[in-house]
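So you can see what is in the structure, the chains are spelled out below.
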Amino acid sequence: MSKTPKISILVPIYNVESYLQQCLESLVNQTLTDIEIICINDGSTDGSTKIIQDFQKSDARIKVIEKKNTGYGDSMNRGLKKASGKYIGVVEPDDYIELDAFAKLYDYAATYDAEVVRANYYTNKGGKDTKLSYVIPADSGRLINPRQHNWIFFQAPAIWSAIYKRDFLQKHDIKFLPTPGASYQDTGFNFKVWANATRAYFTTEAFLHYRIDNESSSINNPGKVMNVCYEYEEIEKYLKKHNLFDEIAPMMQASKFGAYYWNICRLSAKFLPEFITKIKSEYQIANTKNLLIRDFFPIPAQWNLLQYLLTHSVRRTIWKIRLQRLRASIRDFLRSAWIKTHPVYRKQKALSELISELYAETDLLETKLNQLQNQEKKHE
């Protein structure tokens, strides 16, 4: 390894002994050998520490940061500070990556002098891979400016599917928000990257295998529910500090609601009132400042729900969300049931009864929504 390796790979680790071996093996066996692997051990209490130590004994490219458990954001910031590579890569400890990944990513970065190189990736559930192709082919294979290609701001952060030029991150003071836990901290980092980058390279190839077996863990954790809000508060402060707010604010508001909408669709019911109340307060302010522009919202359902929230009570909005969720469940159920029973009709009667029950519940929710609307009209 040279004094300035081509890529520093950050691996934030906390109690992942079940997957860490496979992750580190995929890194030490990279075809690009001029790398450093920075393992940030965030106070692991399982067998992760021993696995790290065993790998470090046999590979001098592995550097270890040992610290108390302070969360993902703080771990990543410490890794960024210690990194000496020309580019920065990230691999989560429960994921793994193709052996030629960093060789290919670095080749694109060096050829085009890119600030960011980003690829597609695989989702992995139950050991089965599915390629997620979010990169638009027309925007791949060449340098582009993200501000002129708005679709980039509306993708999942997926910061581990890219490499970043280290001096670009340092120049624009791009760091992580060290909130508790390990939820959404990639959101702010990702947005800051696209807000500043002018030389981004995308490839339709996929390298990283992203495990999604536990992706819903945060929806039942009250300590993590509001983290996505904190991330966008940090983004707004950052944009204002670096004189980017006036240009990017409308797109930021649309991107933020996309993140909120994803949580609305999956959040536990008991957390919805607080979350919806927070969202309404934020977007009432944004609306008065004329920052909500329809053209920036790529999904009509998101714009429609936001307009409903701005013109109706939190209570009615929650009932509407519950109704939308139920309708989506019915669609999914019907699709699944049709696949499983067609063209076999032995379960047709039972299926018909279940469908009737679901639609009856839908009618009940619609009635409740209308009752709330009539009650509010009486009080107006």
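Please refer to the structure placed before this passage.
Just so you know, these numbers come straight off a predicted model, no measurement behind them.

Basis of the calculations
- Sequence order sets the numbering: in each chain, residues are counted from 1 along the sequence as written.
- Restriction of local features to residues with pLDDT of at least 70 applies here, the model being predicted, together with a cutoff of 80 or more for giving and counting side-chain atom pairs; totals for whole chains, interfaces and linings are based on all residues.
- Just so you know, side-chain values use all the structure's heavy atoms and leave hydrogens and water out.
- Secondary structure elements are taken from DSSP: a helix is a run of H or I of four residues or more, a strand is a run of E of two residues or more, and numbering for both begins at the N terminus.
- The cut-offs for exposure are 20% and 50% of the maximum accessible area for each residue type, with area from a 1.4 Å probe on protein chains only; residues under the lower value are buried, those over the upper are exposed, and the others partly exposed.
- Any pair of residues with heavy atoms lying within 4.5 Å of one another is described as a contacting pair.
- Under the convention used here, a 1.4 Å probe and the Shrake-Rupley method define accessible areas, while residue burial counts only the protein chains that appear.
- Remark: nonpolar core denotes a set of buried residues (Ala, Val, Leu, Ile, Met, Phe, Trp, Tyr, Cys) joined through side-chain atoms within 4.5 Å.
- What a helix is expected to span follows from its residue count: subtract one and scale by 1.5 Å.

K.L.:
Could you clarify how one ought to interpret the overall build of the chain in this entry?
P.N.:
Of the regular secondary structure elements, the chain holds 12 helices and 10 strands. Burial analysis of the chain (380 residues in total) assigns 51% to the buried set. Long-range pairs, those at least 24 residues apart, make up 80% of the contacts in the chain between residues at least 6 apart in sequence. In the form shown here, the chain has an accessible surface area of approximately 18700 Å², with 50% of it arising from carbon and sulfur atoms.

K.L.:
Whenever I open this one, the nonpolar core confuses me. Can you help?
P.N.:
A general tendency of soluble globular proteins is for nonpolar side chains to be buried together. Leu27, Phe102, Leu239 and Phe275 are the most contacted members of the largest nonpolar core, which totals 108 residues. For this core, the leading source of residues is helix 8 (residues 245-264), giving 11 residues. Ignoring sequence-local partners within four residues, the contact set of leucine 27 consists of Ile9, Val11, Ile35, Ile37, Val91, Ile97 and Phe102. Counting 8 residues, the second largest nonpolar core, distinct from the first, contains Trp319, Leu326, Ile330 and Leu365.

K.L.:
How should I be thinking about helix 1 (residues 17-28) in this particular structure?
P.N.:
Each α-helix turn comprises 3.6 residues. Residues three or four places apart therefore point the same way. Helix length check: helix 1, at 12 residues, gives a terminal C-alpha distance of 17 Å against a target of 16 Å (1.5 Å per residue), a fit within 8%. Buried residues in helix 1 make contact with strand 1 (7-13), strand 2 (35-42), helix 2 (48-58), strand 3 (62-67), strand 5 (96-97) and helix 4 (101-112).

K.L.:
How should I be thinking about unusual backbone geometry in this particular structure?
P.N.:
Peptide bonds are, in most cases, trans, and in most cases residues other than glycine have a negative phi. The phi torsion at asparagine 15 lies on the positive side, around 50°, for a residue other than glycine. Here asparagine 15 shows up in the loop between strand 1 and helix 1. Judged by its relative accessible area of 29%, asparagine 15 falls in the partly exposed class. Unlike most non-glycine residues, asparagine 243 shows phi in positive territory, near 55°. Relative to the elements of secondary structure, asparagine 243 occurs in the loop between helix 7 (227-241) and helix 8.

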